[in-house]
Amino acid sequence: MIKRKEAEEALRLERDNFINILDSMEDGVCIVDQQNNIQYVNPTMVKDFGLLEGHKCHEYFHDRKEVCPWCRNHEVFAGKSVHWEWHSFKNNRTYDLIDTPLNNLDGSISKLEILHDITKRKEAELLILKERAQAQQYLDIAGVMFVVLDKTGEVTRINKKGCQILGYDENEILHKNWFDFCIHEDVRDKIWQVFEKLMAGEIEPVEYYENNVVAKSGDQRMIAFHNAVIMDEDSNITGILFSGEDITERKKAEEQIRKLSQAVEQNPTTIVIADMDGNIEYVNPQFTNLTGYTYEEAIGQNPRILQSGETNSEEYKKLWEIIISGQTWSGEFKNKKKNGDFYWESALISPIMDQEGEITHFVAVKEDITEQKITQQKLQNEIDFSASLIQFSAFPLFVIDSQHKVLHWNKACEKLTGVKADDIIGTNDHGKVFYGFERPCIADTIISKKMDEFQKYYPKYSSSKLTLNGLHAESWFPNLGGKKRYIIFDAAPIENNEGKLIAVVESLQDITGIKLAEEKIKKYADELEHSNELKDLFTDILHHDLLNPAGIIKGYTELLLDMEKGEKKSKFLQKIEQNNEKLIDIIETAANFAKIESIEKLEFETNDISIIVKDVVENFRPLIMSKQMEFEFKADGVYPANVNPAIEEVFSNLLSNAIKYSPNESMIIVDIIDMADMWKLTVTDSGEGVSDDDKPKLFERFKRVNKSCIKGTGIGLAIVKRIIELHGGSVGIEDNPEGTGSVFWVTLRKA
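Residues numbered from 1 in each chain as written. Predicted model: local features only at pLDDT ≥ 70, side-chain atom pairs only at ≥ 80, totals over all residues. Heavy atoms only, no water.

Description of the environment of N469
Reasoning step 1: Mapping N469 onto the fold places it in the loop between β18 (461-463) and β19 (471-480).
Reasoning step 2: If we skip the residues at most four places from it in the chain, N469 touches I446 and P493. (Helix = DSSP H or I, 4+ residues; strand = E, 2+ residues; numbered from the N terminus. Contact = heavy atoms within 4.5 Å.)

See the structure below:
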């Protein structure tokens, strides 16, 4: 609050000083806003024109109700300074006007106008013109263009300078219409209308203005004109005399200077100009923003006020020797701000030379690289940390760059292969280490993207389950580190912030012991095949010989319920019916589970799983309506996946459980989420939820997790898990993040 008040007080004092300066000026000063309201006039203006504040400028100065057609306020409000002359008929005085944009605190622009009284000078000029008469008016020795037009716009006189500027011989331009020859067609009609009014005496001549003329070559030249009407003895206007100075090059230079000045002032880098003794003569606003030193505080100081003390004198000496010799020095400084904070700058310091090649000043262009330095240090720390993780990882790891050269080869990799890091880093020989001859590893395939070559070398491959966009492969190696080994490879790309691949890391896992154990297990599995045949026979008996009697019981029970009128006996029969339905459910579910468990591989076809889900939902629509539940299917799109028709059983089980275990009038939400190369289907219910201790058991056989009030076999989710595993996916459960209940999910590989 104190700083704000101090700033406000400083602004007030600055404005008061500004007003005091304007009040003390001998020239007239007024300020006009964008609605042409006069906001301020100084005493000189009041003396010449009276108290003007509150008036529209066109009403007071010209007695006009409308804005003057020649008004140049729009140029000023667009940010341009305007310099012109104006003759006031109110006090019969002539003024040299300078109009410049004035930036207000609220971001708007007003016009600051300074009126310098040049009446005496103009009267003297007219007196000279009259005394010298026509002969003196057209002196060819004049350094400016002199042109006389009659009332029709025809050129009646032109001097040599005028011909030179326009590129015409005198006979080519004399007696030609000035507007047809020398005014561009885009503005010709507008200027001609002003000329007609001038010749009719309806308006006063603008004694000074700048305007383009068209030369014989077609080029346009910017001319600064001074005008005067010519009258006969009876004071009738007969024509106009104007002199014009070619200011084309000056305008270009001014524009160039303006652009350069604006570029320096608005440059986001720090710009400092110092003299030959190193004393600062100029700093741009960014210098103040960065260092905290104001312009006034910096001027006259030596740049050493920024020194942090951490750069030795020899470096400064070398810098000075370079720039004194006429060369440019570039480097970095650790400097200190006015408040004592340190910062880093990247600097470019060059000498400024005059036309004779002598050094007069030095300019420093500096960029704040503090954040860059901090980021670089953090990045280096991360690189060092990552290198340590790789080096001391228990898993064999190596990293190659985008040119297939080895960057890292950790100790575990040394132990596995028998090849030292010093012998392999910087080479492209990693393929020889594993195969004995030159051939690509899966890390090389991620860089080259030659999948046909990859499939040739690695028949057992897939996308990596460990890393996103990675590759997985495995194979036997007859002699790796002196032994026969079975190795699993996983390779993953390493990308920079722009997503460009810069390296690939490949991990290796020696599972030789596991593979040998698998061979033993396979042998044992063959021995169990016969017992599996017996299990299939039992499943058929379970499904056929037990289901038929249960079906008969169901039929007779329904018949007896229709016949029985007694309430007590009806309750007994209903109990029999409920338990028989449970028995049928157990038999069918157990038979389905036994069938699913016996399958090792499914046949797949591409289907849109959202369509399958919608069909399943329609089957459960009556049950959903009976419980007055709300259902929302959030997925909107096409979700192709390679699935077996058995996948419908998965969706049915998940939806059925959600309906069973959720209270009436609750919400069930189904969604399909894009997970890279997988689809993740979620079913969110509003039930009691499942404890963290029970979640791991939920997909085991005959586990119902404290749901005694709900009928079921307890193996429905086990069937879900088995079917999803056969599809190469996974299952899981999470708490509902939006309230009570659970989120059951399964993943399926995309087609």
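Next comes the rest of the account.
Remarks on the pairing of strand β28 (residues 742-749)
The two faces of the sheet receive side chains in turn, since in a regular strand these alternate between them.
Reasoning step 1: Counting buried residues in β28 gives seven out of eight residues, a clear majority hidden from the surface.
Reasoning step 2: Where strand β26 (residues 678-684) meets β28, seven bridges bridge the pair, whose relative direction is antiparallel. Along β28, the bridge assignment pairs V683 with F744.
Reasoning step 3: As defined by bridge partners, strand β27 (residues 731-735) adjoins β28 across five bridges and the pair is classed as antiparallel. When the sheet's bridge partners are listed, D735 is paired in β28 with S742. (Buried < 20%, exposed > 50% of the residue type's maximum accessible area, 1.4 Å probe, protein only. Pairing = 2+ DSSP bridges.)

As for the packing of aromatic side chains
Two aromatic rings, taken as a pair, are described by how far apart their centres are and by the angle between their planes.
Reasoning step 1: Taken as a whole and judged by the stated rule, the model has 26 aromatic pairs.
Reasoning step 2: Ring centres of Y282 and Y295 lie 6.3 Å apart, and the angle between their planes is 70 degrees; this geometry places the pair in the edge-to-face category. Pair noted here: Y282 is in strand β12 (residues 280-283) and Y295 is in helix α12 (residues 295-298), with a separation of 13 residues, a long-range link.
Reasoning step 3: According to the relative accessible area criterion, Y282 is buried, its value standing at 16%.
Reasoning step 4: Looking at Y295, the relative accessible area reads 36%, which means it is partly exposed.
Reasoning step 5: Aromatic pair W320 and F362: ring centres 5.5 Å apart, planes at 55 degrees, arrangement tilted. With W320 in helix α13 (residues 313-324) and F362 in strand β15 (residues 359-368), this residue pair connects regions lying 42 residues apart in the sequence.
Reasoning step 6: The exposure class assigned to W320 is partly exposed, which follows from its relative accessible area of 38%.
Reasoning step 7: We classify F362 as buried; its relative accessible area is 5%.
Reasoning step 8: Ring pairs connect the aromatic residues F398, W409, F434, Y435, F437, F477 and F489, which therefore count as one cluster.
Reasoning step 9: Residue placement shows K334 over the ring face of F342; its charged tip is 5.1 Å from the ring centre. (Phe/Tyr/Trp six-rings, centres within 6.5 Å; stacked < 30°, edge-to-face > 60°. Lys NZ or Arg CZ within 6 Å of the ring centre and 35° of its normal.)

Focus on the packing of helix α25 (residues 647-660) against helix α26 (residues 716-726)
Reasoning step 1: Interhelical geometry of α25 versus α26 gives an angle of 145 degrees and a closest axis separation of 9 Å. Here α25 and α26 pass one another in a crossing that is left-handed. Taking contact as the criterion, the partners of I647, E649, V650, N653, L654 and N657 in α25 are, on α26, G716, L717, I719, V720, I723 and I724.
Reasoning step 2: Here the residues of the contact of α25 with α26 sort into eight nonpolar, three polar and one charged. (Axes fitted to C-alpha atoms, helices over the stretch in contact; angles between N-to-C directions. Left-handed = near helix turned anticlockwise from the far one by under 90°. Nonpolar A, V, L, I, M, F, W, Y, C, P; charged D, E, K, R; others polar.)

Quick word on the environment of I273
Reasoning step 1: Within the secondary structure, I273 is located in strand β11 (residues 270-275).
Reasoning step 2: In the structure, I273 is positioned 90 residues away from V363 in sequence and 4.4 Å away in space, judged by C-alpha atoms.
Reasoning step 3: Setting aside residues up to four positions removed in sequence, I273 forms contacts with N279, I280, E281, Y282, I352, H361, F362 and V363.

Quick notes on the sheet that holds strand β21 (residues 501-510)
Reasoning step 1: The strand order β17-β16-β21-β20-β19-β18 describes an open sheet built from six strands, whose pairing is antiparallel. One side of each edge strand has no neighbouring strand; the edge strands of this open sheet are β17 (406-409) and β18. Taken over all neighbouring pairs, the strand axes of this sheet differ in orientation by 25 degrees on average, direction set aside.
Reasoning step 2: Relative to β21, strand β20 (residues 483-495) runs antiparallel, the two being bridged by nine bridges. Counted as the bridge partner of F489 is L508 from β21.

Looking at the sheet that holds strand β25 (residues 667-675)
Reasoning step 1: Taken in spatial order, the five strands line up as β23-β25-β26-β28-β27 in an open sheet, and their pairing is mixed. Bordering the open sheet on either side are β23 (630-633) and β27, each of which pairs with just one other strand. On average, each strand axis in the sheet is inclined to that of its neighbour by 20 degrees, with strand direction left out of account.
Reasoning step 2: Relative to β23, helix α23 (residues 609-619) is tilted by about 170 degrees, and along the sheet it contacts β23, β25, β26 and β28.
Reasoning step 3: Relative to the sheet, α25 contacts β23, β25, β26 and β28, its axis offset from that of β28 by approximately 170 degrees.

Description of the nonpolar core
Reasoning step 1: I609, I647, V650, F651, L654 and L681 are the most contacted members of the largest nonpolar core, which totals 39 residues.
Reasoning step 2: When near neighbours in sequence (up to four residues on either side) are disregarded, I647 contacts I612, I723, I724, H727 and L748.
Reasoning step 3: In this structure, I424, F434, A443 and F489 belong to the second largest nonpolar core, which totals 27 residues. (Core = buried A, V, L, I, M, F, W, Y, C linked by side-chain atoms within 4.5 Å.)

As for α23
Each turn of an α-helix holds 3.6 residues, which means side chains three or four residues apart point in the same direction.
Reasoning step 1: What α23 keeps buried is the set I609, S610, I612, V613, V616 and V617. Axial view of α23: buried residues confined to an arc of 160 degrees, hence all on one face. (Arc of directions from axis to C-beta.)

Brief notes about the pairing of β19
Reasoning step 1: Counting buried residues along β19, seven of its 10 residues qualify, which places the element largely inside the surrounding structure.
Reasoning step 2: Bridge count for β18 against β19 is three bridges, and the pairing is antiparallel. Across the sheet, residue S462 finds its bridge partner in β19, namely H472.
Reasoning step 3: Alignment of β19 against β20, held across eight bridges, turns out to be antiparallel. The residue of β20 that forms the bridge with A473 is F489.
Reasoning step 4: If you look at the hairpin formed by β19 and β20, you'll find two residues sitting between the two strands, and G481 has a positive phi there, around 65 degrees.

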